[in-house]
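Notes for the structure review
What follows is the residue order along each chain.
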Amino acid sequence: MEKEYFTLSEILDTPNTLETVVEKINLVENIASRIIDLRPERIYYIGCGSSYYAASGALTPLLLEKFPFHAYSIPASEFLFYHSGNIGNNVVIAFSRSGTTREVIEAVKIAKKNRYTTIGISCNENSELVKIADSAIVIDNCSEKSFVMTKSFTALQFTGLLLSLKMINLIEKDDVVENIVKEASKLPKFIFQALDDIDKCRILAKETINDKNFIFLGTTLTYPLAMEASLKFIEMTYSLSEPFHILEFRHGPLALAERKNDISIIMLLANDSSYKNSLKLLKEIKEKGFKVFEISNSGNVIKGVRVSWEGNNYYLPIIYAPLIHATVYYRAILKGYNPDRPEHLRKVVEDF
Ligand code: F1P
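Now for a quick tour of the structure. It should be emphasised that the depicted structure is a prediction, and the values quoted were computed from it without experimental measurement.

**Considering the pairing of strand S3 (residues 90-96)**
Across the seven residues of S3, seven count as buried, placing the element largely inside the fold. Examined bridge by bridge, strand S1 (residues 42-47) and S3 share five bridges and lie parallel to one another. The residue of S3 that forms the bridge with Ile46 is Ala94. Relative to strand S4 (residues 117-122), S3 runs parallel, the two sharing six bridges. By the bridge assignment for S4, Val91 is matched with Thr117.

**With respect to the sheet that holds strand S2 (residues 70-75)**
Strand order in the open sheet formed by five strands is S2-S1-S3-S4-S5, with parallel pairing between adjacent strands. Edge positions in the sheet fall to S2 and strand S5 (135-138), since each of these pairs with one other strand and no more. The mean inter-strand angle of the sheet, taken between neighbouring strand axes irrespective of direction, is 15°. In this structure, S4 lies alongside S5, joined through four bridges in parallel fashion. Residue pairing for S5: Ser122 is matched across the bridge by Val138. Sitting on the sheet, helix H7 (residues 102-113) touches S1, S3 and S4, and the angle it makes with S3 is about 165°.

What counts as what
Residues numbered from 1 in each chain as written. Predicted model: local features only at pLDDT ≥ 70, side-chain atom pairs only at ≥ 80, totals over all residues. Heavy atoms only, no water. Buried < 20%, exposed > 50% of the residue type's maximum accessible area, 1.4 Å probe, protein only. Helix = DSSP H or I, 4+ residues; strand = E, 2+ residues; numbered from the N terminus. Pairing = 2+ DSSP bridges. Axes fitted to C-alpha atoms, helices over the stretch in contact; angles between N-to-C directions. Contact = heavy atoms within 4.5 Å.

What follows is the structure, encoded as structure tokens:
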């Protein structure tokens, strides 16, 4: 019998953790309205590692367009290096599973000194982040034994996304946005069912087991998840992986056709305005001899995993994330690695 690691049970627990986020929607709305009442000049979504990618997914450029203020998602360290000098009516939203990552804490401290309003989103109620932030959202059932972030990543992004959507709705009441927020309650059950197909993730891991490198292609909606997927392949399976925006693949990375035999490309597709061109690229790179897989909500998946989500595409990264986490988990197992405790990885980085 194959040994089961914490990481697998944590991935499978994603829907339960998302359920607790849905239950916090009033708190999320409260904080959104506090931010909007401030009429801030700038909002920074910050974090480190997977939490930075969760922050980026919570602020997709699509949402950014709807904000009347400037909003950025940046690593906490870059905030410290280049953005901490601004003084004024700004907001920092800090994402951190542990709530103790040093760069995040330093960023929040300096933001407070500069009179910013600070919001923490964390899995750890007793953390320094939750203590020092002006307001905090603590996600229940979100801490993990595994060093790598799986369900916590998905829950942090989901919470941040709901916060962004609530802010947009408060800026200008919009029934479409309100309905998207309402749809959030359908996600836990949908993901629970999608994880029934976890064998497809194992098959994907098996089919790519001999590849040394991975490329994740995403669009505006799925690109932050492409970054997270790449980090996870590096952390759990020591395989070099790179994210690109889908059609950016033609602008340089195509040269890797020289090494196509040890590379797998995984496309994170959405059946939206990007789909037709994505399929064209898929065909083109297959003809070049690359192995290409899809995670998609379109009906035509040839190799990979199809999800039948018909709700709003903003939620696609939340649905795809546990499927990607499961694929990396199986790759680690098949390679004989310990997915709970990857070599050299620290659960929390406490130096800066
Ligand atoms: C984030 C993080 C992880 C990474 C590593 C170190 O921590 O960068 O993404 O896997 O283990 O910590 P946190 O701020 O969310 O606790």
